[in-house]
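Spelled out, the chains give:
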Amino acid sequence: MEKQKFTTKTSPKSNLIYCSVMALLFAIVFFVVERIFPQIGMYILLIGALVCISCFGAGIILATSSPVILKFEDDELTIHDSSGKDYSVYAVSAKDFVFMQTPLERKYNMGCLRIKGTIFWMFGVINLSETKTYVNNNFPDW
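Criteria and cut-off values
Residues numbered from 1 in each chain as written. Predicted model: local features only at pLDDT ≥ 70, side-chain atom pairs only at ≥ 80, totals over all residues. Heavy atoms only, no water. Helix = DSSP H or I, 4+ residues; strand = E, 2+ residues; numbered from the N terminus. Expected span 1.5 Å × (residues − 1). Contact = heavy atoms within 4.5 Å. Pairing = 2+ DSSP bridges. Axes fitted to C-alpha atoms, helices over the stretch in contact; angles between N-to-C directions. 1 Å grid on protein atoms, 1.4 Å probe; cavity = no way out; pocket = protein on both sides within 12 Å on 5 of 7 lines; lining within 4 Å. Points joined across faces, edges and corners; volume = space filled by probe spheres on them. Nonpolar A, V, L, I, M, F, W, Y, C, P; charged D, E, K, R; others polar.

(A) Structural view of helix H1 (residues 12-36). Between its first and last C-alpha atoms H1 spans 37 Å; for 25 residues at 1.5 Å apiece the expected length is 36 Å, and the two agree. Against helix H2 (41-63), strand S6 (110-115) and strand S7 (121-126) lie the buried residues of H1.

What follows is the structure, encoded as structure tokens:
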């Protein structure tokens, strides 16, 4: 019987979007806190600016990294990360894969993939609907 195979990857540029959104949320929170506590406002704005710049900088660094490659073969997953290391994920069920998408990600058929019981949480996974179909068809449903 021929082995079932499927390969997809992440889009590193999507990390810039995630980090930019986080920087924007931090900016809003720090601005509101500064308005509530005006006596320490300058310090809060300074800390907020540093946090926002750090988030945006992390997004730029992540956006220029190489993509994470996900190679499925039957009911085993090999993850090739951006540093060149390979990790094998096996003995997991289809229920352990958690797929998440925002409406914008759904439009571009990408999203987040988390594997319960592991350290793996990948953002910007391309071809998410095909990945979900493969997982549901080839991984056990314990």
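(B) Structural context of the sheet that holds strand S1 (residues 5-9). Pairing in this open sheet of 4 strands is antiparallel, and the strands run S1-S2-S3-S4 from one edge to the other. What marks the edges here is a single partner per strand, and that holds for S1 and strand S4 (86-89). Across the sheet, the axes of successive neighbouring strands diverge by a mean angle of 15 degrees, strand direction being ignored. Inspection of the sheet shows S1 paired to strand S2 (residues 69-73) by 5 bridges, in the antiparallel sense. Across the sheet, the residue bridging to Lys5 is Glu73, located in S2. Docked against the sheet, helix H4 (residues 128-138) engages S1 and S2, running at close to 145 degrees with respect to S1.

(C) Broad picture of the side chain of Thr131. Counting through the fold element by element, Thr131 comes out in helix H4. Once residues lying within four places of it in the same chain are set aside, the contact partners of Thr131 are Phe6, Thr8, Phe72, Phe99, Val125 and Ile126.

(D) Quick peek at the layout of surface pockets. Taken as a whole, the largest pocket spans an internal volume of roughly 390 Å³. Taken together, 19 residues line the largest pocket, and the ones lying closest to its centre are Asn15, Val68, Trp121, Met122 and Phe123. Of all the elements in the fold, those that place two or more residues in the lining of the largest pocket are H1 and S7. Here the lining of the largest pocket gets 4 residues from one element, more than from any other, and that element is H1. For the lining of the largest pocket, a count of residues per class yields 13 nonpolar, 5 polar and 1 charged. There is about 160 Å³ of room inside the second largest pocket. Forming the walls of the second largest pocket are Ser11, Ser14, Ile17, Tyr18, Val21, Thr102, Leu104, Glu105, Tyr108 and Met110. When contributions to the lining of the second largest pocket are tallied by element, the ones reaching two or more residues are H1 and helix H3 (103-107). With 4 residues, the single largest contributor to the lining of the second largest pocket is H1. Residues of the lining of the second largest pocket, tallied by class, amount to 6 nonpolar, 3 polar and 1 charged.

(E) Representation of the sheet that holds S6 in the model. On the basis of which strands lie adjacent, the open sheet formed by 3 strands has the order S5-S6-S7 and antiparallel pairing. At either end of the open sheet lies a strand with only one pairing partner, and these are strand S5 (97-100) and S7. Each strand of the sheet is rotated relative to its neighbour by a mean of 30 degrees, with strand direction disregarded. One ladder, built from 4 bridges, connects S6 with S7; its direction is antiparallel. Across the sheet, the residue bridging to Gly111 is Val125, located in S7.

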